[in-house]
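One-letter residues, chain by chain:
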Amino acid sequence: MVAEREVNGDGGRTLIFTYGTLKRGFSNHPLLQDLIRTGDASFVGTYRTAGKYPLVCGPYRVPFLLNIPGSGRRVYGELYSVSTRGLARMDELEGTSRAHYERLPIKVLPAGEGEEEEGEETDRDTMAGLTCAEAYYAHGNYAMELWKKNGKRGLRCYTQKETIGYVKRKDRPQNLTFLDHIRFFLSSN
């Protein structure tokens, strides 16, 4: 039997799987540090997706998790328990109301549990460490095009190597919207 933690089971808190710039040591982690200071978030641990998902880079080396289960690789990241107030701040950063990202369910395991060679599926992925969380996925309006643009190849982990060429939001052209940047990226050679 699979032991699953409720997404909202911890006093109204939501478990959020972070895979990119919100992780420790990356450009948007100060938001989580602030939420931790105010008691609106806590670090749970290093986790990976139970199934395979594409993790790709888009314009300005921004990371995107794509809601295309079974494609890509098992993705490594960090799990945080976040309050309702903290979640509102994260939703704002991720542009959920502006169709930048979508916050949707995902199943994760503590990193190191049930791992097999790439391409092998195993029943051990249904072990007791399976946790139901949520993640910020690229919005469905452009996710498949991002997958194609990346040659249908995904990353296992967004690392400092992938950030080479990353441009912080404040340093991007301000006359264009986030979705404009994505459209230009997708239409470029």
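Residues numbered from 1 in each chain as written. Predicted model: local features only at pLDDT ≥ 70, side-chain atom pairs only at ≥ 80, totals over all residues. Heavy atoms only, no water.

- The name given to the protein chain in an unreviewed UniProt entry is Gamma-glutamylcyclotransferase family protein, with the source organism recorded as Sphenostylis stenocarpa.
- Per UniProt, the protein chain carries the Sequence similarities (unreviewed entry) text "Belongs to the gamma-glutamylcyclotransferase family." (UniProt positions renumbered as here; feature names shortened; annotations may be inferred.)

1. Brief notes about the pairing of strand 1 (residues 14-18)
- Buried residues dominate strand 1, accounting for 5 of its 5 residues.
- Across the two faces of strand 1 the burial is the same, with Thr14, Ile16 and Thr18 and Leu15 and Phe17 all buried.
- In this sheet, strand 5 (residues 76-82) lies alongside strand 1 in antiparallel orientation, the contact comprising 5 bridges. Across the sheet, the residue bridging to threonine 18 is glutamate 78, located in strand 5. (Buried < 20%, exposed > 50% of the residue type's maximum accessible area, 1.4 Å probe, protein only. Helix = DSSP H or I, 4+ residues; strand = E, 2+ residues; numbered from the N terminus. Pairing = 2+ DSSP bridges.)

2. Quick notes on the nonpolar core
- By size, the foremost hydrophobic cluster in this structure holds 43 residues, and its most contacted members are Phe17, Tyr19, Phe64, Leu65, Leu66, Met90 and Ile106.
- Tallying contributions element by element places strand 7 (residues 131-138) first for this core, with 5 residues. (Core = buried A, V, L, I, M, F, W, Y, C linked by side-chain atoms within 4.5 Å.)

3. A few points about unusual backbone geometry
- With a phi close to 65°, alanine 99 is a non-glycine residue in the positive phi region.
- Turning to its location among the elements, alanine 99 is positioned in the loop between helix 2 (84-94) and strand 6 (101-110).

4. Considering the packing of aromatic side chains
- Overall, the coordinates contain 7 aromatic pairs when judged by the stated rule.
- Geometrically, the ring pair formed by phenylalanine 26 and tyrosine 158 is tilted, given 5.6 Å between the ring centres and 40° between the ring planes. One end of the pair, phenylalanine 26, is in the loop between strand 1 and helix 1 (29-37); the other, tyrosine 158, is in the loop between helix 3 (143-149) and helix 4 (178-187), and 132 residues separate them in sequence.
- With a relative accessible area of 13%, phenylalanine 26 lands in the buried category.
- Aromatic rings pair up to connect Phe64, Tyr101, Tyr142 and Phe178 into one cluster.
- The cationic tip of arginine 24 hangs over the ring face of phenylalanine 43; the distance from NZ or CZ to the ring centre is 4.1 Å. (Phe/Tyr/Trp six-rings, centres within 6.5 Å; stacked < 30°, edge-to-face > 60°. Lys NZ or Arg CZ within 6 Å of the ring centre and 35° of its normal.)

5. A look at helix 4
- Taken together, the buried positions of helix 4 are occupied by Phe178, Asp180, His181 and Ile182.
- Its buried side turned inward, helix 4 meets strand 4 (63-65) and strand 6. (Contact = heavy atoms within 4.5 Å.)

6. Observations regarding the packing of helix 1 against helix 2
- Their axes nearest at 11 Å, the elements helix 1 and helix 2 cross at an angle of 170°. With respect to helix 2, the element helix 1 is oriented roughly antiparallel. Residues Leu31, Leu32, Asp34 and Leu35 of helix 1 lie in contact with helix 2, whose contacting residues are Gly86, Arg89, Met90 and Leu93.
- Residue composition of the contact of helix 1 with helix 2, grouped by class: 5 nonpolar, 1 polar and 2 charged. (Axes fitted to C-alpha atoms, helices over the stretch in contact; angles between N-to-C directions. Parallel < 35°, antiparallel > 145°, perpendicular 65-115°, else oblique. Nonpolar A, V, L, I, M, F, W, Y, C, P; charged D, E, K, R; others polar.)

7. Section: the confidence of the model for the protein chain
- Looking at the protein chain, the pLDDT average stands at 89 and 86% of residues meet or exceed 70.
- Taken together, the stretch residues 1-9 has pLDDT below 50 and engages in 24 contacts with residues farther than four places along the chain or on a different chain.
- Here residues 117-123 is modelled with pLDDT under 50, and outside its nearest four sequence neighbours on either side it reaches 10 contacts, counting other chains as well. (pLDDT = per-residue confidence, 0-100.)

8. Regarding the pattern of salt bridges
- A complete count under the given rule lists 10 salt bridges for this structure.
- In this structure, glutamate 134 engages arginine 103 in a salt bridge whose closest nitrogen and oxygen atoms are separated by 2.5 Å. Of this pair, glutamate 134 sits in strand 7 while arginine 103 sits in strand 6; the two residues are 31 residues apart in sequence, bridging distant segments of the chain.
- The exposure class assigned to glutamate 134 is buried, which follows from its relative accessible area of 13%.
- With relative accessibility at 27%, the residue arginine 103 sits in the partly exposed group.
- Between arginine 183 and aspartate 180 there is a salt bridge; the shortest N-O distance is 2.7 Å. One end of the pair is arginine 183 and the other is aspartate 180, both in helix 4 and 3 residues apart, which spans about a single turn. (Salt bridge = Lys/Arg side-chain N within 4 Å of Asp/Glu carboxyl O.)

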